[in-house]
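# Summary of structural features
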Amino acid sequence: MKHTARLAATFLLAASTLASAQSWPSRPIKYVVNFAPGGTTDILARMIAPKLSDALGQPVVVENKPGQAGSVGAAELARSRADGYTIGAGTISSHAINVSLYSKLPYDVLKDFQPITMLATLPNMLVVHPSLPANNVQELIAFLKANPNKHSFGSAGNGTSQHMSGELFKNMTGVQMQHIPYKGSGPMIPDLLSGVLSMSFENLTTAYPPVRQGRLKALAVTSAKRSFIAPEVPTLAESGLPGYDISSWQALFAPAGIPKPILDRLYAETAKALKAPDVTKRLQDLGLDAGGMLPEELAAKIRDDIPKLAKIVKDSGAKVD
């Protein structure tokens, strides 16, 4: 009798889930952005959200929840109902680096999220304030060694790719400088432009425009290959740090347990949005490589990245409670 009751309950739950998926979406969808306005994560969300709104027939509303290198917003997403009405950004910081950097996270990266797709990948760019007497990486290293702990680099927060790029630089060169974390690139950039900060390993998306305006100097990019949008800027590996390679990535997630029909629709519409001519042009203008990988491919990438980035965190000695 109990077995029959359990079977009936299971059947009713499955039928209810199917009916819910078939009627989805019937109300607005929230898109949680786990960094402050003005950074790459926010820029991408505000590019993709309108496309999803048009395709799904419901508003997709962006909400910024910054803090702890994306962990605050990621935790909110993890706690949300897995019904397709809350989706959110995830980055190399919130979903790979923070696993090793923070002693305790309010979510399990591999269990609490359902990957939807990669949105974009991009290098970071080592930029310095024009007041620094360094026009290439080797000059910067010599200058910093002559002035230990007198200069600082800013990042979008502890555990971000910008932070880890700086820590890897310190580890490989032996220079001593302070790390100043912010709640996103948006609030960090003004201090960099004003000279409060000496430098940053900032996302190319937000670093390169002031470089072109002559307000910052670009010394190198952090990826293994030069960026197609800034081919004149060498890699750090080319600049005397062989093996240096960190690239940032931006992705879209849902809470774990989202019905498969809704996941499939979200993936299909997001992948289509990334191929729209206006989005493609905007991505290229920003120096971003478009994503679009399948959910299972994104899941595999995260599993591969966690141990690789754990080594960088361990070698740097960085830790956040």
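Residues numbered from 1 in each chain as written. Predicted model: local features only at pLDDT ≥ 70, side-chain atom pairs only at ≥ 80, totals over all residues. Heavy atoms only, no water.

Overall, the coordinates contain 14 salt bridges when judged by the stated rule. The residue D278 makes a salt bridge to K51 at a minimum N-O spacing of 3.0 Å. Of this pair, D278 sits in helix α10 (residues 277-285) while K51 sits in helix α2 (residues 40-56), placing them 227 residues apart in sequence. Using a relative accessible area of 46% as the deciding quantity, one classes D278 as partly exposed. Note that E269 is salt-bridged to R265, the shortest N-O span being 3.2 Å. One end of the pair is E269 and the other is R265, both in helix α9 (residues 260-274) and 4 residues apart, which spans about a single turn. Judged by its relative accessible area of 12%, E269 is buried. The network of salt bridges with common partners includes R27, R81 and D83. (Salt bridge = Lys/Arg side-chain N within 4 Å of Asp/Glu carboxyl O. Helix = DSSP H or I, 4+ residues; strand = E, 2+ residues; numbered from the N terminus. Buried < 20%, exposed > 50% of the residue type's maximum accessible area, 1.4 Å probe, protein only.)

In terms of nonpolar packing, the biggest core is built from 48 residues, with L140 and F169 touching the most fellow members. In terms of residue count, the dominant contributor to this core is helix α11 (residues 295-316) (6 residues). With near-sequence residues (within four places) excluded, L140 lies in contact with L126, V128, L132, A134, F169, M199 and L219. With 36 residues, the next largest nonpolar core counts V60, L252, I258 and L286 among its residues. (Core = buried A, V, L, I, M, F, W, Y, C linked by side-chain atoms within 4.5 Å. Contact = heavy atoms within 4.5 Å.)

It is worth spelling out the pairing of strand β5 (residues 152-155) at this point. Of the two faces of β5, both are covered, the one formed by S152 and G154 as well as the one formed by F153 and S155. Here β5 runs beside strand β6 (residues 178-181); their pairing, made up of 4 bridges, is parallel. Of the residues in β6, the one forming a bridge with S152 is Q178. For the segment spanning β5, helix α6 (residues 161-173) and β6, crossover handedness is right-handed. The pairing of β5 with strand β7 (residues 199-203) spans 2 bridges and is classified as parallel. The partner of G154 across the bridge, within β7, is S200. (Pairing = 2+ DSSP bridges. Right-handed = clockwise from strand over helix to strand, strands pointing away.)

Here α2 contains 17 residues, and its C-alpha end-to-end distance of 24 Å stays within 8% of the 24 Å for a straight helix at 1.5 Å per residue. Within α2, 12 of the 17 residues are buried, which leaves the element mostly enclosed by the surrounding structure. Once α2 finishes, G57 follows within two positions and takes phi at roughly 75°, a positive value. (Expected span 1.5 Å × (residues − 1).)

Any link to function would need more than the numbers given here.
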